[in-house]
Amino acid sequence: MSNLKTHIGKLELKNPVLIASGICGFAEENIDVLNKVGGTIFKTVTLNPTNGNCPPRVVDTYEGMLNSIGLENPGVDGIKDKLSYIKKIRTKKIASFLGFDEKEFYLILKKLENYKIFDAYELNLSCPNVKKGKWFYNLKNLRKLLKNIRFITKKPLIAKLSPETQVVKIAQICKELGYDGVTLINTYSAIAVDYKEQKFCLGNIFGGLSGPVIKPLALRWVYEVKKSVGINIIGCGGIIEGKDAIEHFLVGASAVQIGSGYFRNPQLPIEVVKFVEKYLKEKRVSLKDLIGKLI
Ligand SMILES: Cc1cc2nc3c(=O)[nH]c(=O)nc-3n(C[C@H](O)[C@H](O)[C@H](O)COP(=O)(O)O)c2cc1C
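Residues numbered from 1 in each chain as written. Predicted model: local features only at pLDDT ≥ 70, side-chain atom pairs only at ≥ 80, totals over all residues. Heavy atoms only, no water.

With that settled, the discussion passes to the pattern of salt bridges. Within the structure shown, the criterion is met by 15 salt bridges. Across the salt bridge formed by R57 and E72, the nearest N and O atoms sit 2.4 Å from each other. Residue R57 is found in the loop between β4 (39–41) and β5 (58–61), and its partner E72 is found in the loop between β6 (64–67) and α2 (83–87); the two are separated by 15 residues along the sequence. With a relative accessible area of 38%, E72 lands in the partly exposed category. A salt bridge links D244 to K243; the shortest N-O distance between them is 3.3 Å. Judged by relative accessible area, which is 2%, D244 ranks as buried. For K243, a relative accessible area of 37% translates into the label partly exposed. Overlapping salt bridges, with partners in common, bring together K215, K243, D244 and E247 in one network. (Salt bridge = Lys/Arg side-chain N within 4 Å of Asp/Glu carboxyl O. Helix = DSSP H or I, 4+ residues; strand = E, 2+ residues; numbered from the N terminus. Buried < 20%, exposed > 50% of the residue type's maximum accessible area, 1.4 Å probe, protein only.)

Below, the discussion takes up helix α4 (residues 139–152). Helix length check: α4, at 14 residues, gives a terminal C-alpha distance of 20 Å against a target of 20 Å (1.5 Å per residue), a fit within 8%. All buried positions along α4 are accounted for by L142, L145, L146, I149 and R150. Take α4 and look down its axis: the buried residues cluster within an arc of 135 degrees, on one side only. Within α4, the exposed residues directed more than 90 degrees away from the buried face are K140 and F151. Of the surrounding elements, those touching the buried residues of α4 are β7 (92–97), α3 (102–115), β8 (120–125), β9 (157–161) and α5 (167–176). Where α4 starts, the residue carrying a side-chain oxygen 2.9 Å from the main-chain nitrogen of K140 turns out to be N138. (Expected span 1.5 Å × (residues − 1). Arc of directions from axis to C-beta. Contact = heavy atoms within 4.5 Å. Polar contact = N/O pair within 3.5 Å; in protein donor to acceptor, adjacent residues only side chain to side chain.)

Another aspect to go through is the site of the ligand. As a structural note, the neighbourhood of the ligand is formed by 24 residues, with S21, T44, G211, G238 and S260 the closest of them. Taking K43, its side chain carries an N or O atom lying 2.9 Å from an oxygen atom of the ligand. Here the ligand has 610 Å² of accessible area as a free molecule, and 96% of this is covered by the chains. Considering only residue class, the shell around the ligand consists of nine nonpolar, 13 polar and two charged. (Near = heavy atom within 4 Å. Areas by Shrake-Rupley, 256 points an atom, 1.4 Å probe, with all protein chains shown as cover. Nonpolar A, V, L, I, M, F, W, Y, C, P; charged D, E, K, R; others polar.)

This is the structure in structure tokens:
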């Protein structure tokens with residue numbers, strides 16, 4: 001059997017396939033899949049419960065989907081009710097969080113630490129569907145935030161970046177501050193129009209574009225950041241079959257996340273793990289040697 005183990009800094013994964021934030025919720029029926037992948041990133045939590053945006057909040061587009069969920073979540077204290085569910089997951093459990101100001105980020109992380117259940121954290125620096133909270137796109141503010149967060153926890157830290165920011169510069173800051181990796185990328189801000197009804201498809205007008213249409217854009221960022229910064233990368237964007245994951249590895253991702261592809265096929269994460277294993281065997285190459293082979 002090929003060795004599928006991979007590392008994102010200090011975070012060891014039994015295989016390189018993760019479930020992206022916002023995809024699985026906290027539903028019992030997903031446990032079987034979550035226990036076969038390398039780990040799960042839970043829905044982003046904010047300090048206080050958030051209702052999200054007005055409906056409709058999801059629309060299919062050509063080769064992708066647009067969502068404007070807008071961070072609907074029970075707030076960091078609300079996770080208490082999910083602990084028995086989270087404990088059933090035997091693979092890596094990664095909390096995703098976002099503060100609307102600096103202090104909120106620190107407070108949420110301290111509360112998450114108190115649960116003593118998460119193996120790592122993913123900072124959501126990237127949600128396109130929230131109007132507040134963009135202050136951290138200022139690099140000076142961001143460096144201070146990332147530095148202070150690094151002091152709060154010894155656990156692995158991953159920053160998830162928006163493709164619509166200074167991706168390379170932010171990844172460089174993460175590397176300098178000892179972050180274990182970056183997730184590239186979140187969705188692209190976009191609009192869908194219903195020409196028959198002559199109206200916007202989403203209640204919020206804007207949504208985040210994901211799915212196959214963003215894969216080449218994600219691959220571009222993975223390649224560019226790996227080549228110029230060299231930090232560990234989790235590739236995310238447009239994975240709907242096994243070969244998409246291989247493409248992410250070839251341009252430098254050490255692991256991948258599956259997002260909207262899961263909605264088409266909830267068995268996809270397991271199928272991707274199997275495909276990667278078969279591919280490595282057939283090509284007689286280790287995962288380690290495959291990662292960044294095209295760089
Ligand atoms: C319905 C939905 C909800 C999402 N919620 C979150 C979220 O809470 N936090 C986050 O960091 N990303 C969120 N995302 C973005 C995904 O984690 C992922 O970055 C994005 O969908 C790109 O991957 P994909 O092309 O495989 O879907 C969400 C995506 C979708 C489709």
